[in-house]
Amino acid sequence: MDKRAAFRSWWLPSLFALPQIILILLFFYWPAVAVLRWAFTLEPPFGGAAEFVGLANFQEVFADPLYWNSVGVSLAFALCGTLATIFIGLVLALAVDRQLPGSAPFRFLYILPYAIAGPAAGMAFRFILSPERGLMASVNAAFPDFWNPAKYGSHALILVIVVFAWKWAGYTFIFLLAGLQSVPRSLIEAAAMDGCGPIRRAVDIQIPMLAPTLFFLLVIMMTEGFVGADTYGIVARTTDGGPNHGTDVMVYRIVEEAFRGLNYSGASAQSLVLIGLIMVFTFIQFRFIERQVHYK
Amino acid sequence: MIQRTPFANALTYGVMVFGFLLLIGPFVVIMSGASQTFQQVNAIPFSFLPQDRLLENMSAAWTRASLGTAMLNSFVMASLVTVGKVALSALTAFAIVFFRTPLKGFFFWMVFITLMLPLEVRVVPTYAVAADLFQPVRLLISAVTGFEVSVDWNLLNSYAGLTLPLIATATGTFLYRQFYLTLPDELAEAARMDGSGPIRFFIDMLLPLSRTNMLALTTIMFVYGWNQYLWPLLMVTDPEYKTTMMSLVALLPSDNGTPDWNVTLAGSLIIMLPPLIVVAVLQRWFVRGLVATEK
């Protein structure tokens, strides 16, 4: 979209944009080029210039069963986390949207967990859902070995998904509540006149009308689950990717491989795969959501 | 509404209370755990009753993880990041929206593509740039002119290093852009007719008009800045520049030490408090910012 009344100058806008453009070039594009370069080259073990190795880094990454493990873990994490947050947010938004007396404070409270950093939340949940103390200890006392995220990878994965869902449920709640409020009141009232109860109205009118919002949240939350800053922080401070790579999500693996394994080429190859994934998500988001396919 | 629905109403209240337990419950556990003694916090079953040791535990956590420095650093970092983002994105969006220049498309896409490059996937080379800021410039100069220049400036262990790489923001720029696009064309026309140049127009008309947007952006960006984890972890080795997210590690009971989770929880409560206050007090703006930046 163009403004009719635009100022005519070429150096002034460049000057205005310059500070941010410099930061972007320095800290986004230059590193991105380095990732690209590293992904296709390999540094010789005893020094010297990096050699071009074609797709060898990718072959090595794809041949590693631990890589595919991290893909599976990431997929499970993002998918379960997304579905959980959207489900919780949707149910709560439907409840609050009925505007029964006394429901106003809830709307305020549900967003609070979103203020907490992933790592801080993760550490608190290490206590809350610890096998030896906190809430799960009594359950474990009755059924020994029922819950132990330090021992079982699947339990640890559930733990990090819980932290993720706890933090992000308020976020989806906000968007879904905003979406619900744009559903025409007359439609709901007409349904009520025809004898639809609140649950029927939710299922047959409100949720279908929310389809664009739900789809938007699905894309946003999947992106967040795969590459969000929180995903790394939660995993790092809650389970450290363990036990036995049970929560080794893709971003965690990349950072670990780069800074602990010092395998820049392998990490860069994995980064490129992830960047490709984000591009797909971003494309979907702008291609389909900008269009706003409305339910009619 | 026009119906009597006692069952659905009861269900609605049930859902809301359940949601409350689910989302606010953890805060209650953290707070009561943080106010208990070492024995109480490890008791089975866990007691939800708050005790009277909150302040002692907090001060123990404060000294153990030297939270004084960390809180100050986090505050400085979050504020600088916020101010930088709010200011630079306003300028960039102004350049993109209000000028007729062939470069505007270029600026727009430059900013847009950063959405696809989150820190986690370019973390090593970004670190390399921060550790040697003039590396790109040097390479460029030696490629163009053939001279080797030796200027060194690294950002490790400094506020500049903590903040500069985080200041570029696509979401902020697009928030301003959306807002500028909603302004009527007549506004800029009137300003031009009255003889105002672009800078005057920006300072005297755009900035006052975008006050609500700025406040919304400020709240979300402050929370964003405070909650940064990975970047400070890499940038900082000097304890003087530690941020709160890094002191979480120091708060954790060691594997073979005493499991004094009461102190750990009290410490994490202190760390959670500033963003929590921002979201609670400025919630209207925070929510507005969230919804607006994702459009």
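All values reported here derive from a predicted model rather than from experimental measurement.

**Quick word on the overall build of chain A**
Helix and strand counts for chain A stand at 13 helices and two strands. For the C-alpha atoms alone, the extent of chain A along its principal axes is close to 80 × 75 × 30 Å. For chain A, long-range pairs separated by at least 24 residues make up 70% of all intrachain contacts whose partners lie at least 6 apart in sequence.

**Looking at the overall build of chain B**
Looking only at helices and strands, chain B has 16 helices and zero strands in total. Computed over its C-alpha atoms, the radius of gyration of chain B comes to 25 Å, more than 25% above the 19 Å expected for a compact globule of 295 residues. For chain B, the spread of C-alpha atoms along the three principal axes comes to 70 × 70 × 30 Å. Split into buried and exposed, the 295 residues of chain B put 47% on the buried side. Summarising the internal contacts of chain B: among those between residues at least 6 apart in sequence, 71% fall at separations of at least 24.

**Concerning the domain arrangement of chain A**
By convention, interface size is frequently given as the accessible area that disappears when the constituent parts associate. Residues and elements named next belong to chain A. According to the domain assignment, chain A consists of domain 1 (10-54) and domain 2 (64-289). Using only C-alpha atoms to locate each centre, domain 1 and domain 2 end up separated by 32 Å. Between domain 1 and domain 2, the contact holds five residues from the first and six residues from the second. For the side of domain 1 that touches domain 2, the secondary structure elements donating two or more residues are helix H1 (11-40) and strand E1 (41-42). Per element, the largest residue contribution to the side of domain 1 that touches domain 2 is three residues, and it comes from H1.

**Overview of the confidence of the model for chain A**
Reading predicted coordinates in detail is not appropriate for stretches of low pLDDT. Considering every residue of chain A, the mean pLDDT works out to 86; 94% of them sit at 70 or more. Across chain A, helix H3 (residues 65-97) of chain A holds the top mean pLDDT of 94, while strand E2 (residues 51-52) of chain A sits lowest at 80.

**A short note on the interface of chain B and chain A**
Taken together, the contacts link 87 residues of chain B with 88 residues of chain A. Broken down by element, the side of chain B that touches chain A gets its largest block of residues, 14 residues, from helix H1 (residues 6-34) of chain B. Among the residues making up the side of chain B that touches chain A, the classes are represented as 63 nonpolar, 16 polar and eight charged.

**Quick look at the nonpolar core**
Residues and elements named next belong to chain A. Counting residues in each nonpolar core, the largest one holds 173 residues, and the members touching the most others are Val160 and Phe173. Considering every element that reaches this core, the biggest residue donor is helix H7 (residues 153-181), with 19 residues. In this structure, Phe173 is in contact with Gly89, Leu92, Ala93, Tyr110 and Ile111, ignoring residues within four places of it in sequence.

**A word on H3(A)**
Its 33 residues place the ends of H3(A) 47 Å apart at the C-alpha level, agreeing with the 48 Å of an ideal helix rising 1.5 Å per residue. Phi turns positive one or two residues past the end of H3(A), at A:Gln99, with a value near 55°.

**Some details on the environment of A:Phe28**
Along the chain, A:Phe28 falls in helix H1. When the C-alpha atoms of A:Phe28 and A:Ile116 are compared, they prove to be 26 Å apart, with 88 residues separating the residues in sequence. In this view, A:Phe28 contacts B:Thr114, B:Leu117 and B:Ala168; residues no more than four positions away in its chain are not counted.

**Remarks on H1(B)**
Residue and element names in this part refer to chain B. Taking 1.5 Å as the rise per residue, H1 with 29 residues should run 42 Å; its terminal C-alpha atoms sit 40 Å apart, in good agreement. Ile24 marks the point of greatest bend in H1, at about 50°, and the proline Pro26 comes within the next four residues. Within H1, the full set of buried residues consists of Thr12, Met16, Gly19, Leu23, Pro26, Val29, Ile30, Ser32, Gly33 and Ala34.

**Section: the packing of H1(A) against helix H6 (residues 123-131) of chain B**
One way to put it is that H1(A) packs onto H6(B) with a least axis distance of 8 Å and a crossing angle of 125°. One way to sum up the angle between H1(A) and H6(B) is to call them oblique. Classified by chirality, the crossing of H6(B) by H1(A) is right-handed. Each of A:Leu26, A:Phe27, A:Trp30, A:Pro31, A:Ala34 and A:Val35 in H1(A) lies in contact with H6(B), whose residues at this interface are B:Pro125, B:Thr126, B:Ala128 and B:Val129. Broken down by class, the residue content of the contact of H1(A) with H6(B) amounts to nine nonpolar, one polar and no charged.

Calculation notes
- The residue numbers shown here count from 1 along each chain, following its written sequence.
- Think of it this way: whatever chain is written first is A, whatever ligand is written first is 1, and the rest follow in order.
- Totals for whole chains, interfaces and linings use all residues, but because this is a predicted model, local features are given only for residues with pLDDT of at least 70 and pairs of side-chain atoms are given and counted only at 80 or more.
- Helix and strand definitions here come from DSSP, where helices need a minimum of 4 consecutive H or I residues and strands a minimum of 2 consecutive E residues; each element is numbered from the N-terminal end.
- We call two residues in contact if the C-beta atoms placed from their backbones are at most 7 Å apart.
- For this measure, only C-alpha atoms enter the radius of gyration; the expected value for a globule follows 2.2 Å times N^0.38, where N is the number of residues.
- In this scheme every C-beta is placed from the backbone, and a residue whose C-beta has 20 or more other C-beta atoms within 10 Å is buried, one with 12 or fewer is exposed, and one in between is partly exposed.
- Just so you know, the domain bounds were taken from an automatic or database domain assignment.
- You can read pLDDT as the predictor saying how much it trusts each residue, on a scale of 0 to 100.
- Classes in brief: Ala, Val, Leu, Ile, Met, Phe, Trp, Tyr, Cys and Pro nonpolar; Asp, Glu, Lys and Arg charged; the others, Gly included, polar.
- Core membership is restricted to buried Ala, Val, Leu, Ile, Met, Phe, Trp, Tyr and Cys residues, and these are joined into a nonpolar core through C-beta atoms within 7 Å.
- Multiplying one less than the number of residues by 1.5 Å gives the expected span of a helix.
- A residue's bend is simply the angle between two axes: one fitted to the seven residues ending at it, one to the seven starting at it.
- Every axis in this analysis is a line fitted to C-alpha atoms, fitted for helices over the stretch in contact. Angles between the N-to-C directions lie between 0 and 180 degrees.
- Small angles under 35 degrees read as roughly parallel and large ones over 145 as roughly antiparallel, with 65 to 115 read as roughly perpendicular and the rest as oblique.
- Handedness of a crossing is defined here by the sense of rotation of the near helix relative to the far one, left-handed for an anticlockwise turn of less than a right angle and right-handed for a clockwise turn.

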